[in-house]
Amino acid sequence: MARPPQDPKIKMDEILDGAEPLFAANGYRKTTISDIAKEIGGARGLLYYYFKSKEEILEALINRQIAHFLTDIRSMASSADMLPPRKIEFVVHAFFRTAHYKDGLFLDFLYDEKHLHIKNKIFRQAALLLKPWLLKIIEEGVRKQYFHVSHLPPALTFIMSIMLCLGDTLCEKIPDEEMAYHLTMAASLIERALGIPENTLHLSLSTA
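Residues numbered from 1 in each chain as written. Predicted model: local features only at pLDDT ≥ 70, side-chain atom pairs only at ≥ 80, totals over all residues. Heavy atoms only, no water.

A. The overall build of the protein, seen in detail. Counting its secondary structure elements, the protein contains ten helices and zero strands. Sequence-ordered secondary structure for the protein, helices as α and strands as β, is α-α-α-α-α-α-α-α-α-α. Summarising its shape, the C-alpha atoms of the protein cover approximately 60 × 45 × 25 Å along the three principal directions. Burial statistics for the protein: of 208 residues in total, 44% are counted as buried. The contacts of the protein with a sequence gap of at least 6 include a subset with a gap of at least 24, amounting to 68%. Of the roughly 11,700 Å² that the protein leaves accessible, carbon and sulfur atoms contribute 55%. Taking the 25 positively charged and 26 negatively charged side chains of the protein as two groups, their mean positions are separated by 5 Å. (Helix = DSSP H or I, 4+ residues; strand = E, 2+ residues; numbered from the N terminus. Buried < 20%, exposed > 50% of the residue type's maximum accessible area, 1.4 Å probe, protein only. Contact = heavy atoms within 4.5 Å. Areas by Shrake-Rupley, 256 points an atom, 1.4 Å probe, with all protein chains shown as cover. Lys, Arg positive; Asp, Glu negative; His and termini not counted. Charge placed at Lys NZ, Arg CZ, Asp CG, Glu CD.)

Written as structure tokens, this is what we have:
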């Protein structure tokens, strides 16, 4: 059934769709609530009815992109056409694509120390949502004997920690050469956690 026109989500999505290109073109700091209101043809008061601040608008944009990322992960995790090691690679590469959405639109915001509390909240929420799907992939790999994990919960926690570490590194926007080294280290550590041979996983910036 179609949503009624007064559905708040429709208006919130309209605001987000209007704000996103302004953040991309002018940057988060230079974009004002008035700019966003003008873009969508509404009043400042209308925006404040749905979002308390510009910061909250950007946080909602980030969460919307994470939702797209998780949709891809759910679809991939349930696929019978991809081997478990390739699924692990997919998770990391999808994570990188999400972080670099529109040339890293959100990275400047998350790198700013003033927004550290938001970064931590977003990363924590994303990790909680990703965890069951990563567990599903690991369980499949163990069942099909691609992975050799004697204690699954610690392995899962360790791999999630590696993902969060990569997230922090991305926010620091280090040079590509150094980022490639981080990916190589991450692949090696994940291989050890999953009990698979060295060089089974291939994580690189070119595929991320």
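B. A look at helix H5 (residues 84–99). Look at H5: 23 Å from first C-alpha to last across 16 residues, which is about the 22 Å you get at 1.5 Å a residue. Burial analysis of H5 places 13 of its 16 residues in the buried class, the great majority of the element. (Expected span 1.5 Å × (residues − 1).)

C. Quick look at the packing of aromatic side chains. For the structure shown, the criterion picks out four aromatic pairs. With a centroid separation of 6.2 Å and 75° between ring planes, the pair formed by phenylalanine 95 and phenylalanine 96 is classed as edge-to-face. Phenylalanine 95 sits in the buried class, given a relative accessible area of 19%. One aromatic cluster is present, built from ring pairs that chain together Phe69, Phe95 and Phe96. A cation over an aromatic ring shows up here: lysine 54 above the ring of tyrosine 28, its NZ or CZ 4.4 Å from the ring centre. (Phe/Tyr/Trp six-rings, centres within 6.5 Å; stacked < 30°, edge-to-face > 60°. Lys NZ or Arg CZ within 6 Å of the ring centre and 35° of its normal.)

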